[in-house]
Amino acid sequence: MTVESGNYFGIDTDGGAAIFNYAKLVINDGEFYGAVGAINNKAAEAQTTINGGKFGGAYKENLSTNYVIQNNEGTLVVNYAEVVSGFGAIGAYGGTTTIKDGSFVADYSGVYTV
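As the structure is a prediction and not an experimental result, all values here were calculated from the model.

S.K.: Give me the lowdown on the nonpolar core, citing residues and values where you can.
M.R.: A general trend in soluble globular proteins is that nonpolar side chains are found buried together. Counting residues in each nonpolar core, the largest one holds 18 residues, and the members touching the most others are Ile27, Phe32, Ile39, Ile50, Phe55, Ile69 and Val83. Sorting the residues of this core by element identifies β3 (17-21), β4 (24-27), β6 (37-41), β9 (67-71), β10 (75-78) and β12 (88-92) as the ones contributing at least two each. Setting aside anything within four residues of it in sequence, one finds Val83 in contact with Phe55, Val68, Ile69, Ala89, Ser103, Phe104 and Val105.

This is the structure:
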């Protein structure tokens, strides 16, 4: 799937996201907000490339995976993104994460990796 623009919201406070990716996702622009996270790479074959856009959310501090952009498995490439978070901006929990450019503002952690 390719996203060229638009506004996307995930309002589920128990772990929802604006987009869950299990395949191939390219984001060229848009605004993405989630009560917990905005983009979530969920499978080993998931490939997400972010070329631009604004991302926000992750305000629930009692979750261990409350980052705006999350890579649980698969490949995440951030060529450019503007991320603002009440907790964490990017969570690299698994797979391969590459960050080339952007602005990552968070109360707790701009980038978290394990």
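Back to the write-up after that little detour.
S.K.: Lay out the sheet that holds strand β1 (residues 2-3) with the relevant residues and their values.
M.R.: Pairing in this open sheet of 5 strands is parallel, and the strands run β1-β4-β7-β10-β13 from one edge to the other. Looking at which strands have only one partner, the edges of the open sheet turn out to be β1 and β13 (96-99). Sheet topology places strand β7 (residues 47-50) next to β10; 4 bridges connect them, and they run parallel. Residue pairing in the sheet places Ile50 in a bridge with Val78 of β10.

S.K.: Outline the sheet that holds β9, listing residues and values.
M.R.: Taking strand neighbours across the sheet as the criterion, the 5 strands line up as β3-β6-β9-β12-β15 in an open arrangement whose pairing is parallel. Only two strands of the sheet have a single neighbouring strand rather than two, namely β3 and β15 (109-113). Adjacent strand axes in the sheet meet at a mean angle of 10°, parallel and antiparallel pairs treated alike. Pairing of β9 with β12 involves 4 bridges; the strand directions are parallel. Bridge pairing in β12 places Asn71 opposite Ala92.

S.K.: Could you give an account of the side chain of Asn71, with specific residues and numbers?
M.R.: Assignment of secondary structure puts Asn71 in strand β9. What makes Asn71 buried here is its relative accessible area of 0%. With sequence-adjacent residues up to four places away left out, Asn71 is seen in contact with Asn41, Leu76, Gly91, Ala92, Tyr93, Gly94, Gly95, Thr96 and Thr97.

Basis of the calculations
- Residues numbered from 1 in each chain as written.
- Predicted model: local features only at pLDDT ≥ 70, side-chain atom pairs only at ≥ 80, totals over all residues.
- Heavy atoms only, no water.
- Core = buried A, V, L, I, M, F, W, Y, C linked by side-chain atoms within 4.5 Å.
- Buried < 20%, exposed > 50% of the residue type's maximum accessible area, 1.4 Å probe, protein only.
- Helix = DSSP H or I, 4+ residues; strand = E, 2+ residues; numbered from the N terminus.
- Contact = heavy atoms within 4.5 Å.
- Pairing = 2+ DSSP bridges.
- Axes fitted to C-alpha atoms, helices over the stretch in contact; angles between N-to-C directions.

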